[in-house]
Amino acid sequence: MMDKLKKQLLGPSAESKQELLGKLVSYIAIIVIGGLVGTILVFLTIKGVALFNNDHFSLWQFLSGVNWQPSHHLYGALPMIAASFGVTVLAGMVALPLALVVALALTEMLSKKINQFCQPLIELLVGIPSVVYGYIGLTVVVPNLRQLFGGTGFGLLAAACVLFLMILPTMTSMTIDSLRAVPKQYRMASTGLGATRWQTIIRVIIPSARSDIFTAMVFGMSRAFGEALAVQMVVGNTTIMPKGLMDSAATLTSVITTGIGNTVMGTPSNNALWSLALILLIMSLAFNLLIRVVSRKGAR
Amino acid sequence: MRPEKIDRIATIVILGLTGVVGLLIISLLVYILATGLPNISWHFLTSSAEAFKSEGGIRDQLFNSLYLVVITMIVSVPLALCAAIYLSEYAPANRLTSLLRLAIEVLSSLPSVVVGLFGYLVFVLKFGMDFSLLAGALALTILNLPILTRSCEDALQQVPYLQRQAGLGLGMSKWRIVTKIVLPAALPGIITGIILSAGRIFGEAAALIYTAGQSSPAIDYSDWNPFSPTSFLNPMRPAETLAVHIWKVNSEGLVPDARAVSNGSAAVLVITILLFNLLARYVGHLIKRRLVK
């Protein structure tokens, strides 16, 4: 009798047992997620280096070769790397100023009513699946480019246009957030000093939101870099070095999407695709790092 | 030039460019809806797709998309919620925590095609699931986890610390505080996050073409046994979603009315996303009303 009571008093209470259980559940969840990330990185790295380890293809040839002919055991990935960077930079260069301009107009100039109308519109555009953007590219952008510049219309420029349309809403909405985060007092102080609205924008608002704006740009470009199907639909998919903007090309993502289904697992031509995926992975990590560095600088 | 004049010019340029962008975007939306809506009919929504003939519908694709969202949510919501509880309530401020946060950030920045490849390698080949709804749902879970974890954590963080202190003062354990006080208060925010992320994965395609597959075998909507191979509930059958359908119809071009089918499908996708957003907005509206009370 006493023993039982003693046990009850000295042992863990129902409350602390529950606490332990709850803690355990949440620990397991976070470990699963952390483990998942680790597994993804390890698996993709192992598959990605198989071309160099097992098939003894040289890394340098892979990165600098311009011939991608799996049937001849030639895996030069430079055309794809160049095309991926080309379309990303092109789309980003056009999208950034426009996103900034729209964000400035919405936060600093236009009335609340227009803002209330535009907010859900931008949210909708952010949510539109990339395949739909690709399809728009296929049915609107490509025929127009064909009429304007001749040729097939498929190519780098078409892909850049599609990516531009795709990342513009994301970049705009992030830029709007960053401009809204600038304290109201800054604007008041600047106006109090007799600055015009433009002076306030260019000397106060943009400098203080600079790192967030940059983050928005990098984020948009990393989305563009990793986009697969929308690009694959309009880029033309020829794995040769593009010479001009209207040239048909292939990006890292488009080669992967078209190739994985047509190659046999474990063969060199399949491993080469995994190496391309590894480049994608490394680039997305690099974009991530860039964002971290920039936002840490901004926090200071 | 006087500053006032520069200001006026800048204002005109900014508003002008904004007008051009706005016009471009609105005409884009109008184009999608105007070309798509005439193709949407009851027949289009309720008949199955044709491989070589015209007049095919999108019934199976639409159902697959929705079903995939449901399965993904069943897997990812508990996981993301528990992880968010850990990050918001238990995580000590140390290196391990920041490493975990970094891991989640890395996960959210992975291109979806890379996630699809990983799913193909692990779920489809290693685990032998073949092209199946389940493999697709797991790949989508990977895409969904970081977004959902972050929005759940934000929702939990919005609950004032005072309420947690009140619970502690009553001698409640931390876990009980989380489940009885914090979670109910954060529920509307969590639901908004879930709906928004559901909208995002609804239109995902790149992660699915090599996990859920690109084919849609005939399925039987009267067979409610999830283990029967022809049942619409069977998670082990290959399933082409709406977004994948648009891509496939356009890249293979075997269907004579590919344009009509994809116009209609694109409009259905956009309208569904719009519905998801409106729903999320409505739930957000409910929170505000509850907070005012």
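Residue indices begin from 1 for each chain and proceed along its sequence in written order. Here chains are named by letter from A upward and ligands by number from 1 upward, in the order in which they appear as written. Since the coordinates come from a predicted model, pLDDT governs what is reported: local features require at least 70, and pairs of side-chain atoms require 80 or more to be given and counted, while whole-chain, interface and lining totals use all residues.

Draft legend 1. Quick peek at the overall build of chain A. Across its full length, chain A holds 13 helices and two strands. Computation of the radius of gyration draws on C-alpha atoms, with the globule rule given as 2.2 Å multiplied by the number of residues to the power 0.38. Expected size for 300 residues packed as a compact globule is a radius of gyration near 19 Å; at 26 Å, chain A overshoots this value by more than 25%. Its C-alpha atoms give chain A principal-axis dimensions of about 90 × 70 × 35 Å. Any residue surrounded by 20 or more other C-beta atoms within 10 Å of its C-beta is treated as buried, while 12 or fewer makes it exposed and the intermediate range makes it partly exposed; C-beta atoms here are placed from the backbone. Evaluated residue by residue, chain A yields a buried proportion of 44% over its 300 residues. With C-beta atoms placed from the backbone, a contact is any residue pair whose C-beta atoms sit within 7 Å. For chain A, the proportion of contacts with a sequence separation of at least 24, taken over those separated by at least 6, is 74%. Working definition: helices are DSSP H or I runs of at least four residues, strands are E runs of at least two. Numbering for both runs from the N terminus.

Draft legend 2. Local environment of the overall build of chain B. Each helix and strand counted, chain B has 10 helices and zero strands in total. Along chain B, helices (α) and strands (β) appear in the sequence α-α-α-α-α-α-α-α-α-α when read from the amino end. The principal-axis extents of the C-alpha atoms in chain B amount to approximately 70 × 70 × 40 Å. The buried share among the 293 residues of chain B stands at 44%. Excluding contacts between residues fewer than 6 apart, the proportion of contacts in chain B whose partners are at least 24 apart in sequence is 74%.

Draft legend 3. Here's a closer look at the nonpolar core. All names here are of chain A. By convention the nonpolar core is taken to be a set of buried residues drawn from Ala, Val, Leu, Ile, Met, Phe, Trp, Tyr and Cys and joined through C-beta atoms within 7 Å. Judged by nonpolar contacts, the single largest core of 173 residues is most densely connected at A158, V162, L163, V234 and A277. Considering each element in turn, this core owes the most residues, 17 residues, to helix α7 (residues 156-180). Shared between two domains, this core holds at least three residues of each, these being domain 1 (14-58) and domain 2 (68-299). Setting aside residues up to four positions removed in sequence, A158 forms contacts with G137, V141, V142, L145, G153, V234 and V235. Domain limits in this description derive from either an automatic procedure or a database domain assignment.

Draft legend 4. Examining the interface of chain B and chain A more closely. On the side of chain A, 61 residues touch chain B, which itself brings 68 residues to the contact. For the side of chain B that touches chain A, the secondary-structure elements that each account for two or more residues are α1 (3-36), α3 (59-90), α4 (95-109), α5 (112-126), α6 (133-158), α8 (174-202), α9 (242-252) and α10 (258-292) of chain B. Per element, the largest residue contribution to the side of chain B that touches chain A is 15 residues, and it comes from α1(B). Counted by class, the side of chain B that touches chain A contains 49 nonpolar, 11 polar and eight charged residues. Amino acid classes used here: Ala, Val, Leu, Ile, Met, Phe, Trp, Tyr, Cys and Pro are nonpolar; Asp, Glu, Lys and Arg are charged; the rest, including Gly, are polar.

Draft legend 5. Representation of α6(B) in the model. Residue and element names in this part refer to chain B. To estimate the expected span of a helix, count its residues, drop one, and scale the result by 1.5 Å. The terminal C-alpha atoms of α6, which comprises 26 residues, lie 35 Å apart, in line with the 38 Å expected from a rise of 1.5 Å per residue. To get the bend at any residue, fit one axis to the seven residues that end at it and another to the seven that begin at it, then take the angle between the two axes. Taken as a whole, α6 carries its principal kink of about 40° at N144; the proline P146 stands between one and four residues after it. Taken across its 26 residues, α6 has 21 buried, putting it largely inside the fold.

Draft legend 6. Just the packing of helix α4 (residues 78-109) of chain A against α1(B), in detail. Running from N to C, α4(A) and α1(B) cross one another at 110°; their axes reach a closest spacing of 9 Å. Judged on the interaxial angle alone, α1(B) and α4(A) are roughly perpendicular. In this structure, α4(A) meets α1(B) at a crossing whose hand is left-handed. Across the interface between the two elements, L98(A), V101(A), V102(A), L104(A), A105(A) and M109(A) of α4(A) pack against T11(B), I14(B), L15(B), L17(B), T18(B) and V21(B) of α1(B). Each axis is a line fitted through C-alpha atoms, and for a helix only the stretch in contact is used; angles between axes span 0 to 180 degrees, taken between their N-to-C directions. Working rule for angles: under 35 degrees goes down as roughly parallel, over 145 as roughly antiparallel, 65 to 115 as roughly perpendicular, anything else as oblique. Less than a right angle of anticlockwise turn of the near helix away from the far helix marks a crossing as left-handed, whereas a clockwise turn marks it as right-handed.

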